[in-house]
Amino acid sequence: MKYINLILLSFLLWSTSCEKVIDVELNDATPQVVIEAVILEGEHDFTVKVSRTAPYFDNTPSEKIENAVITLKYDDQIKDIPHVGEGEYKFPLDAKVDTEFALEVDVDGTVYTASTTLIEKIAIDSIYYEYEEGFGPREAGYIVYIKYTDPAAYSNFYRITHSLNGIYQNTSKDLQVFDDSKTNGNQVKVPVRSKTFELGDVIHLQLIHFDEPSYDYFNSLDDIISSGGGPSGGSAAPGNPLSNWSNNALGYFSAYSSDTANITITE
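Residues numbered from 1 in each chain as written. Predicted model: local features only at pLDDT ≥ 70, side-chain atom pairs only at ≥ 80, totals over all residues. Heavy atoms only, no water.

Next up on the list: the overall build of the protein. Secondary structure assignment for the protein yields 1 helix and 18 strands. For the protein, buried positions account for 42% of its 267 residues. A separation of at least 24 residues holds for 63% of the contacts in the protein among residues at least 6 apart in sequence. Entry remark: accessible area of the protein is about 14,500 Å², with carbon and sulfur atoms responsible for 48%. (Helix = DSSP H or I, 4+ residues; strand = E, 2+ residues; numbered from the N terminus. Buried < 20%, exposed > 50% of the residue type's maximum accessible area, 1.4 Å probe, protein only. Contact = heavy atoms within 4.5 Å. Areas by Shrake-Rupley, 256 points an atom, 1.4 Å probe, with all protein chains shown as cover.)

Here you go:
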């Protein structure tokens, strides 16, 4: 993820009867701290990545922060997370559902905090596919659907990811997040977004269940992509997705559980 940090300093419009001159001056703003961290259910190496934003018109890599002091708090425990190199900090963690995690990152005396809750996974009821004719920009092919039952007791937030023939699909078109505002308590059928498959394809699906701040981050990222933000888009001053970090840090701290299923496209 490359974070964009621009300030529109001046916009001067001058006109005569025959022409218009538009003078737009863009300066890179002060670099901001970026913190990215994800907690998964069960045993895993919990990783925190800390860096600073790169200027929008600069192709150099983002600066990795090597001297952060990072603390994870949960279940009355306080764990220091050591630096392992290249701006990454790791700690072996066995994460349980219904646990709230608080992360504190100190960078040169400025403390950034965020919290997230690991909630129980939502089971996949079934996955299946249907052949559909092409429509608009979408080519004819097989559409894969996932079915699950949404709990009615509370609001839920989801993300679908998938791998195709063993390769994780991670383009902007593959970002798919949604909530249950229109489907609360129902059995839900969702297609894998903007994708058709071919005979012989092997698809591995993951239904992620996470908290609202995590959803807000990815949903705002999806809005930016959809509106044309970013280096290849039409936005003059693209923004950054919503962050749950304090002190204006960018990035996200998220915990999620998930269920998975596989399917192969056959005749």
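Moving on: the nonpolar core. Ranked by internal contacts, the top residues of the largest apolar core, which has 28 residues, are Phe46, Val48, Val50, Leu72, Leu103 and Phe253. Mapped by element, the contributors of at least two residues to this core are β3 (33–40), β4 (42–52), β5 (69–74), β8 (88–95), β9 (99–107), β10 (110–118) and β18 (250–264). Those residues in contact with Leu72 that lie beyond four places of it in its chain are Ile39, Phe46, Gln77, Ile78, Lys79, Ile81, Leu93, Phe101, Ala102, Leu103 and Phe253. Listed in part, the 21 residues of the second largest apolar core include Ile122, Ile146, Val190 and Leu205. (Core = buried A, V, L, I, M, F, W, Y, C linked by side-chain atoms within 4.5 Å.)

What follows covers the pattern of salt bridges. In this structure the tally under the stated criterion is 7 salt bridges. A salt bridge links Asp259 to Lys121, with the shortest nitrogen-to-oxygen separation between them at 4.0 Å. Here Lys121 lies in the loop between β10 and β11 (124–132) and Asp259 lies in strand β18, a separation of 138 residues in the sequence. In this structure Asp259 comes out as buried when scored by relative accessible area, which is 16%. The closest approach of N and O atoms between Asp174 and Lys195, which form a salt bridge, is 3.3 Å. Placement of Asp174 in the loop between β14 (167–168) and β15 (177–179) and of Lys195 in the loop between β16 (187–191) and β17 (202–210) is noted, with a sequence separation of 21 residues between them. Look at Asp174 and you get buried, because its relative accessible area is 8%. A single salt-bridge network, built from bridges that share partners, covers Arg52, Glu63 and Asp108. (Salt bridge = Lys/Arg side-chain N within 4 Å of Asp/Glu carboxyl O.)

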